[in-house]
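These are the residues of each chain, in order.
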Amino acid sequence: MVEKEAGVVQPAPGGERARPAVAGDAPPVAGRRERKKQATRAALREAALRLSVRHGVENVTVEQIADEADIALRTFFNYFSSKEEAIVASLSAGAQELIAQFRARPRTETVLRAFREAVLIAMNQSDAVSRDHIRALELIRAAPTLVPQQLAVLAAQEKALAEAIADHIEDPAAGRSEESVYPLLCAAAVLTALRVVVDQWLQQTAGSDRPLDTALLGRRIDAVITELAAGLDRPGGAAT
């Protein structure tokens, strides 16, 4: 149940227990406050996506989103500046999950191997996040007004992945080289490859009543990672 005036999520009776604190966590009160904020943001994000899928982006208002999430209208603007930002926020959630999974990969893996595993784990381990991510991408394909917000999310994701890649390959003894363009170049390349694959996959499944074939998406991600690992520089065709 979400309290309208306070804009916070109250735990449901008999609901899931909060995760126990671990070393380095903020004090319990601050931790609860942060969890409430995250739950409120998620409620608004999910309501925005749900309404947009049901009625179309152009037919949804901020007031409807707040009401659907059972949250006060003024609270909405503490989290999002517009309905477009709230709708596309599912992309941010998916991006954060991908970065977290990449950072969890062992440093003995190559960057491309770690990225591949991170993508597949994020897809399989977080069904709700993956599903909402895909639904948001489908909405963006149909509603150009969402593109500026999508570009902002992609820019932030690229920067975050570049930082994670730099940490992954950093030699603790040598320290990080601030002049290396590899992390930025690699982040841009793998995320662009992922977007190309997902876009093609959505094009082929658009308008179909069949469930989305995530196994096919997984195989295509494997293929594009293999292409990147093989290198992009190839000889030209034979002269005639």
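Residues numbered from 1 in each chain as written. Predicted model: local features only at pLDDT ≥ 70, side-chain atom pairs only at ≥ 80, totals over all residues. Heavy atoms only, no water.

A. Up close: the overall build of the protein chain. Scanning the protein chain from N- to C-terminus turns up 9 helices and 2 strands. For the protein chain, the N- to C-terminal ordering of α and β elements is β-β-α-α-α-α-α-α-α-α-α. Relative to all contacts within the protein chain whose residues are 6 or more apart in sequence, the contacts with residues 24 or more apart total 67%. Carbon and sulfur atoms provide 54% of the accessible area of the protein chain, an area that totals close to 14,400 Å². (Helix = DSSP H or I, 4+ residues; strand = E, 2+ residues; numbered from the N terminus. Contact = heavy atoms within 4.5 Å. Areas by Shrake-Rupley, 256 points an atom, 1.4 Å probe, with all protein chains shown as cover.)

B. Broad picture of the nonpolar core. If you look at the biggest cluster of nonpolar residues, it comprises 58 residues, and the most contacted ones within it are Phe102, Phe115 and Leu161. At the level of elements, helix H1 (28-55), helix H2 (62-68), helix H4 (83-103), helix H5 (111-125), helix H6 (127-142), helix H7 (147-169), helix H8 (182-205) and helix H9 (214-230) are the ones that each hand at least two residues to this core. The element contributing the most residues to this core is H8, with 10 residues. Leaving out residues up to four positions away in the same chain, leucine 161 has contacts with Ile99, Phe102, Phe115, Ala187, Val190 and Leu191. (Core = buried A, V, L, I, M, F, W, Y, C linked by side-chain atoms within 4.5 Å. Buried < 20%, exposed > 50% of the residue type's maximum accessible area, 1.4 Å probe, protein only.)

C. A look at the environment of alanine 164. With respect to the helices and strands, the residue alanine 164 is situated in helix H7. Overall, the relative accessible area of 2% leaves alanine 164 in the buried class. Considered as a pair, alanine 164 and alanine 104 are 60 residues apart in the sequence and their alpha carbons are 10.0 Å apart. Excluding its chain neighbours within four sequence positions, the residues that come into contact with alanine 164 are Ile99, Phe102 and Arg103.

D. Up close: the packing of aromatic side chains. Enumeration according to the criterion identifies 2 aromatic pairs in this entry. When the centroid spacing of 5.1 Å and the interplanar angle of 80° are considered together, the rings of phenylalanine 76 and phenylalanine 77 count as edge-to-face. Judged by its relative accessible area of 47%, phenylalanine 77 falls in the partly exposed class. Judged by relative accessible area, phenylalanine 76 falls into the buried class, the value being 0%. Taken together through their ring pairs, the aromatic side chains of Phe76, Phe77 and Phe80 make up a single cluster. (Phe/Tyr/Trp six-rings, centres within 6.5 Å; stacked < 30°, edge-to-face > 60°.)

E. Spotlight on unusual backbone geometry. Here aspartate 70, not a glycine, exhibits a phi torsion of approximately 60°, which is positive. Among the secondary structure elements, aspartate 70 is positioned in the loop between H2 and helix H3 (73-76).

F. Summary view of H7. Along its 23 residues, H7 runs 33 Å from first to last C-alpha, staying within 8% of the 33 Å computed at 1.5 Å per residue. The complete set of buried residues in H7 reads Gln150, Val153, Leu154, Gln157, Leu161, Ala162, Ala164, Ile165, Ala166 and His168. (Expected span 1.5 Å × (residues − 1).)

G. Up close: the confidence of the model for the protein chain. Per-chain confidence: the protein chain averages 80 in pLDDT, with 77% of residues scoring 70 or above. Confidence, expressed as mean pLDDT per element, reaches its minimum in the protein chain at strand S2 (residues 8-9) with 40 and its maximum at H2 with 96. Taken together, the stretch residues 1-29 has pLDDT below 50 and engages in 32 contacts with residues farther than four places along the chain or on a different chain. (pLDDT = per-residue confidence, 0-100.)

H. View of the packing of H4 against H7. Following both chains from N to C, one finds H4 and H7 inclined at 10°, their axes separated by 9 Å at the closest point. The pairing of H4 with H7 is recorded here as roughly parallel in orientation. Residues Glu84, Glu85, Val88, Leu91, Ser92, Ala95, Leu98, Ile99, Phe102 and Arg103 of H4 form the contact with H7, whose participating residues are Gln149, Gln150, Val153, Gln157, Ala160, Leu161, Glu163, Ala164, Ile165, Asp167 and His168. (Axes fitted to C-alpha atoms, helices over the stretch in contact; angles between N-to-C directions. Parallel < 35°, antiparallel > 145°, perpendicular 65-115°, else oblique.)

I. Summary view of a positive patch on the surface. A contiguous patch of positive charge, built from Arg32, Arg33, Arg35, Lys36 and Lys37, is present on the exposed surface. Summarising the element assignment, arginine 35 is placed in helix H1. (Patch = residues over 30% accessible without salt bridge, like charges linked within 9 Å, V, L, I, M, F, W, Y side chains within 5 Å. Salt bridge = Lys/Arg side-chain N within 4 Å of Asp/Glu carboxyl O. Lys, Arg positive; Asp, Glu negative; His and termini not counted. Charge placed at Lys NZ, Arg CZ, Asp CG, Glu CD.)

J. Region of the structure containing the side chain of glutamate 117. By secondary structure assignment, the location of glutamate 117 is in helix H5. Apart from residues lying up to four places away in sequence, glutamate 117 is in contact with Arg105 and Glu109.

K. Looking closely at the environment of arginine 220. Within the secondary structure layout, arginine 220 lies in helix H9. With 19 residues separating them along the chain, arginine 220 and tryptophan 201 place their C-alpha atoms 8.6 Å apart.

L. Structural context of the pattern of salt bridges. According to the stated counting rule, one finds 10 salt bridges in the structure shown. Residue glutamate 117 pairs with arginine 116 through a salt bridge whose shortest N-O separation is 2.3 Å. Residue glutamate 117 is classed as buried on the basis of its relative accessible area of 14%. In this structure, arginine 234 engages glutamate 227 in a salt bridge whose closest nitrogen and oxygen atoms are separated by 2.4 Å. We classify arginine 234 as exposed; its relative accessible area is 54%. Classification of glutamate 227 by relative accessible area gives partly exposed; the value is 40%. Taken together, the shared-partner salt bridges connect Arg113, Arg116, Glu117 and Asp222 into one network.

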